[in-house]
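Each chain, written out:
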Amino acid sequence: MVEQTLSIIKPDAVQKRVIGKIIDRFESHDLKIVAIKKLQLSEYDAKAFYAVHKERPFFGDLVKFMISGPVVAMVLEGEDAVAKNRDLMGATNPKEAKPGTIRADFAESIDANAVHGSDSIENAKLEIEFFFSKREIC
Ligand code: CMP
């Protein structure tokens with residue numbers, strides 16, 4: 001089924017100047033970039049986006065990290081986009097990510113883990129709405 005999912009290139013990967021290399025992983029695996037923007041999240045934004053994790057011990061560090069520099073938010077579209085994006089990203093902890101995945105190749109730690117991707121179709125819808133208006137998705 002053709003799906004859409006949200007991808008965020010996190011501040012560590014933006015700072016390393018690997019935006020293009022990460023986008024190439026998506027495009028060369030048949031995921032189309034149907035929306036894209038670079039932006040600086042505020043503390044309010046980051047807390048709202050990751051609200052589901054607000055009780056977790058890592059929440060404070062996660063918010064601090066996500067506002068430490070600009071991010072690139074994208075909507076990826078393609079066959080099984082949610083699962084495909086998660087396969088391309090690799091495990092949340094880059095030390096456990098399979099070789100050849102984005103996190104294995106570009107990430108340093110579980111906090112600075114290069115990318116975020118929606119974990120379900122339902123969350124993808126909410127996360128896409130968080131970043132993009134309808135007219136920005138084309
Ligand atoms: P992400 O996919 O963006 O979703 C939440 C983020 O919290 C996750 O990637 C990690 O960068 C970060 N995080 C830090 N510690 C943990 C942890 N123990 N479990 C899951 N996520 C964590």
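No experiment lies behind these values; they were computed from the predicted model shown.

When you go through the protein residue by residue, the secondary structure sums to 7 helices and 4 strands. Moving toward the C terminus, one meets the helices and strands of the protein in the order β-α-α-β-α-α-β-α-α-β-α. A globule of 138 residues ought to have a C-alpha radius of gyration of about 14 Å, and the protein, at 14 Å, matches this closely. Along the three orthogonal principal directions, the C-alpha set of the protein runs to about 35 × 35 × 25 Å. Per-residue burial over the protein gives 46% buried out of 138 residues. Sequence-distant contacts in the protein: of pairs separated by 6 or more residues, those separated by 24 or more amount to 76%. Carbon and sulfur atoms form 52% of the exposed surface of the protein, whose accessible area is close to 7,700 Å².

A separate point is the sheet that holds strand 2 (residues 32-39). In spatial order, the strands read 2-3-1-4; together these 4 strands make up an open sheet with antiparallel pairing. The outermost strands of the open sheet, each flanked by one partner alone, are strand 2 and strand 4 (115-117). The average angle at which neighbouring strand axes cross in this sheet is 20 degrees, direction not considered. As defined by bridge partners, strand 1 (residues 2-9) adjoins strand 3 (residues 71-79) across 8 bridges and the pair is classed as antiparallel.

Below, the discussion takes up unusual backbone geometry. As a rule of thumb, non-glycine residues mostly have phi less than zero, and peptide bonds are mostly trans rather than cis. Residue Asp30 is not a glycine yet carries a positive backbone phi of 65 degrees. Classification of Asp30 as exposed rests on a relative accessible area of 61%. Even without glycine at this site, Asp80 takes up a positive phi of about 50 degrees. Note on placement: Asp80 falls in the loop between strand 3 and helix 5 (81-89).

This next bit is on the site of the ligand. The ligand sits among Lys10, Tyr50, His53, Phe58, Leu62, Thr92, Arg103, Ile110, Asp111, Asn113 and His116. Here Lys10 contributes a side-chain N or O atom positioned 2.7 Å from an oxygen atom of the ligand. Here the ligand has 450 Å² of accessible area as a free molecule, and 79% of this is covered by the chains. Its residues assigned to classes, the shell around the ligand shows 4 nonpolar, 4 polar and 3 charged.

So, about the UniProt feature "domain: Nucleoside diphosphate kinase-like" (unreviewed entry) in the protein. According to UniProt, the positions carrying the feature "domain: Nucleoside diphosphate kinase-like" (unreviewed entry) are residues 2-138. Regarding residues 2-138, the helix share stands at 39% and the strand share at 20%, and the terminal C-alpha atoms are separated by 14 Å.

Counting buried positions along strand 1 gives 6 out of 8 residues, so the element sits mostly inside the fold. Strand direction decides the pairing type here: strand 1 and strand 4, joined by 3 bridges, are antiparallel. Looking across to strand 4, one finds that Ile8 is bridged to His116.

Our focus in this paragraph is the UniProt feature "active site" (unreviewed entry) in the protein. UniProt's entry tags His116 with the feature "active site" (unreviewed entry), counted in the numbering of this structure. Residue placement: His116 occurs in strand 4. According to the relative accessible area criterion, His116 is buried, its value standing at 12%. Sequence-distant contacts of His116, that is, excluding residues within four places in its chain, are made with Leu6, Ser7, Ile8, Lys10, Phe49, Tyr50, Met89, Arg103 and Glu127.

Here is what the cut-offs are and how they apply
- Once a new chain begins, its residue numbering starts again from 1 and follows that chain's sequence as written.
- Restriction of local features to residues with pLDDT of at least 70 applies here, the model being predicted, together with a cutoff of 80 or more for giving and counting side-chain atom pairs; totals for whole chains, interfaces and linings are based on all residues.
- Remark: hydrogens and water are excluded; side-chain values derive from all non-hydrogen atoms of the structure.
- By the criteria applied, helices consist of DSSP H or I runs no shorter than four residues and strands consist of E runs no shorter than two, each listed in order from the N terminus.
- This radius of gyration counts C-alpha atoms alone. The globule rule is 2.2 Å times how many residues there are, raised to the power 0.38.
- For each residue, the accessible area found with a 1.4 Å probe, counting protein chains only, is set against the maximum for its type, and the residue is called buried under 20%, exposed over 50%, and partly exposed in between.
- Here a residue-residue contact requires only that any non-hydrogen atoms of the pair lie within 4.5 Å.
- The protein chains shown are the only cover counted for residues, whose accessible areas, like all others here, come from Shrake-Rupley with a 1.4 Å probe.
- When DSSP finds two or more bridges between a pair of strands, those strands are recorded as paired.
- Axis definition: a line fit to C-alpha positions, over the contact stretch in the case of helices; interaxial angles, taken between N-to-C directions, run 0 to 180 degrees.
- Proximity is defined per residue: if any heavy atom of the residue lies within 4 Å of a molecule or strand, that residue is considered near it.
- In the analysis that follows, any N or O atom pair within 3.5 Å is treated as a polar contact, provided that within protein one partner can donate a hydrogen and the other can accept it, and provided that, for residues neighboring in sequence, both atoms belong to side chains.
- Only Asp, Glu, Lys and Arg are considered charged, only Ala, Val, Leu, Ile, Met, Phe, Trp, Tyr, Cys and Pro nonpolar, and every remaining residue, Gly among them, polar.
- UniProt positions are given in the numbering used here, feature names are shortened, and annotations may be inferred rather than shown by experiment.

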